[in-house]
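Observations on the model geometry
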Amino acid sequence: SSYIRFFPDMSEMTEKYSLCLWIRKLQSESRPCPFAYKKYEIFMTDDGKYNRLFGSSSLDSTLTSKFTVPAGTFYSYCSTWSLASRTFKVYVNGKLVGTQTTASGRKLQTGGALVLGNHSPGYGHRFGGEMYNFNIYSKELTPAEVATVSASGLCTEIPEHLEKYRIIKWEDILKLPRSGTVTNFIDRDPRCVSLAAAAIEQMQAYRGKLE
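Below: a short report on this structure. Fair warning: this is a prediction, and the values are worked out from it, not measured in the lab.

**Quick word on the packing of aromatic side chains**
- A complete count under the given rule lists 9 aromatic pairs for this structure.
- Aromatic side chains Tyr17 and Trp81 sit 6.4 Å apart centroid to centroid with 35 degrees between the ring planes, which places their arrangement in the tilted category. With Tyr17 in strand 2 (residues 16-25) and Trp81 in strand 6 (residues 75-82), the pair connects residues that are 64 residues apart, well separated along the chain. As far as the burial class goes, Tyr17 and Trp81 line up, both buried.
- With a centroid separation of 5.2 Å and 85 degrees between ring planes, the pair formed by Phe54 and Trp81 is classed as edge-to-face.

Have a look at this one:
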């Protein structure tokens, strides 16, 4: 299988976090997993079968109908949570599709591996496709902020006021060692053509492809 595996510093996200990325499934095994942190601490499959925080399974199977984007089409996925709200929220294309209440006092654990492209190396949930702009924030994004980070498709820039919260950054992930066939390529979303030429050059999308 093809994947990127590393051990991020999650110390700033123990009491609040948001995770957002763009996903395009091309070919995958059963219940394909684009990413997993500490196996089941944060975990999802791109068919909606599993959406977990802290290993809890109360959202399992309930969101499958919300993940109806056909293969070959990009969609945005975000999950948010905080110790204060005790609410795990899942968004698809900027819209809230599911919530789950977490245990009082439960914090996000640190020290685990973050795997992009599978649940864990050699596991049977291999993801084959493309992902873009995977970022983790040290903030529970509001519904309006989640909508903003997906509003313009792949052309969407990270809002300036959120940059200070962006701890795990896509551009840093692209520099990490890979296993199997993980490639970068540059592409422009067709919807960017209305932007100024200089802005287009700045927003060339570095995407990762896993086979």
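Back to the write-up after that little detour.
**Digging into the state of the cysteines**
- On inspection of all chains with the given rule, the structure shows 1 disulfide.
- With a sulfur-sulfur separation of 2.1 Å, Cys20 is cross-linked through a disulfide to Cys78. Residues Cys20 and Cys78 are joined by a disulfide whose S-S torsion is about 120 degrees; by sign, that bridge is right-handed. Here Cys78 lies in strand 6 and Cys20 lies in strand 2, a separation of 58 residues in the sequence.
- On the basis of relative accessible area, Cys20 is assigned to the buried category, the value being 6%.
- Judged by its relative accessible area of 3%, Cys78 is buried.

**Digging into the pairing of strand 6**
- Where burial is concerned, most of strand 6 is hidden: 8 out of the 8 residues are buried.
- Residues Tyr75, Tyr77, Ser79 and Trp81 of strand 6 are buried on one face, and the alternating residues Ser76, Cys78, Thr80 and Ser82, pointing to the opposite face, are buried as well.
- Note: strand 2 against strand 6, 8 bridges, orientation antiparallel. Bridge pairing in strand 6 places Leu21 opposite Tyr77.
- Direction of pairing for strand 6 relative to strand 7 (residues 87-92): antiparallel, over a ladder of 4 bridges. Following the sheet pairing, Tyr77 is matched in strand 7 by Val92.
- Between the end of strand 6 and the start of strand 7, which pair antiparallel, lie 4 residues, with Arg86 showing a positive phi angle near 55 degrees.

**Considering the sheet that holds strand 9 (residues 114-116)**
- Spatially, 1-9-3-4-5 is the arrangement adopted by the 5 strands of the open sheet, whose pairing is antiparallel. One side of each edge strand has no neighbouring strand; the edge strands of this open sheet are strand 1 (4-6) and strand 5 (51-53). With strand direction ignored, the average angle separating the axes of adjacent strands in the sheet is 10 degrees.
- In this structure, strand 1 lies alongside strand 9, joined through 3 bridges in antiparallel fashion.

**What to know about the environment of Glu157**
- Residue position: Glu157 is located in the loop between helix 1 (143-148) and strand 11 (166-168).
- The class for Glu157 is exposed, based on a relative accessible area of 51%.
- Residues Glu157 and Asn133, 24 residues apart in the sequence, show an inter-C-alpha distance of 9.7 Å.

**A closer look at the pattern of salt bridges**
- Applying the stated criterion across every chain, the model contains 7 salt bridges.
- The residue Lys107 makes a salt bridge to Glu15 at a minimum N-O spacing of 3.1 Å. Of the two residues, Lys107 is situated in the loop between strand 8 (95-101) and strand 9 and Glu15 in the loop between strand 1 and strand 2; the sequence distance between them amounts to 92 residues.
- With relative accessibility at 36%, the residue Glu15 sits in the partly exposed group.
- Across the salt bridge formed by Arg24 and Glu130, the nearest N and O atoms sit 2.8 Å from each other. Of this pair, Arg24 sits in strand 2 while Glu130 is found in strand 10 (residues 129-137), placing the two residues 106 residues apart along the sequence.
- By relative accessible area, which is 5% here, Glu130 ends up buried.
- Connected via shared salt-bridge partners are Glu163, Arg166 and Glu171.

**Overview of the nonpolar core**
- The biggest cluster of nonpolar side chains holds 40 residues, and the ones touching the most others in it are Tyr17, Tyr77, Leu108, Leu116, Phe134 and Ile136.
- With 5 residues, strand 2 is the largest single contributor of residues to this core.
- With sequence-adjacent residues up to four places away left out, Tyr17 is seen in contact with Ile42, Leu53, Ser79, Thr80, Trp81, Phe88, Ile136, Tyr137, Lys139 and Glu140.
- Counting residues in each nonpolar core, the second largest holds 9 residues, with Cys78, Tyr91, Leu141 and Ile158 among its members.

Reading the values: the criteria
Residues numbered from 1 in each chain as written. Predicted model: local features only at pLDDT ≥ 70, side-chain atom pairs only at ≥ 80, totals over all residues. Heavy atoms only, no water. Phe/Tyr/Trp six-rings, centres within 6.5 Å; stacked < 30°, edge-to-face > 60°. Helix = DSSP H or I, 4+ residues; strand = E, 2+ residues; numbered from the N terminus. Buried < 20%, exposed > 50% of the residue type's maximum accessible area, 1.4 Å probe, protein only. Disulfide = S-S within 2.5 Å. Pairing = 2+ DSSP bridges. Axes fitted to C-alpha atoms, helices over the stretch in contact; angles between N-to-C directions. Salt bridge = Lys/Arg side-chain N within 4 Å of Asp/Glu carboxyl O. Core = buried A, V, L, I, M, F, W, Y, C linked by side-chain atoms within 4.5 Å. Contact = heavy atoms within 4.5 Å.

Honestly, it's all geometry; don't read function into it.
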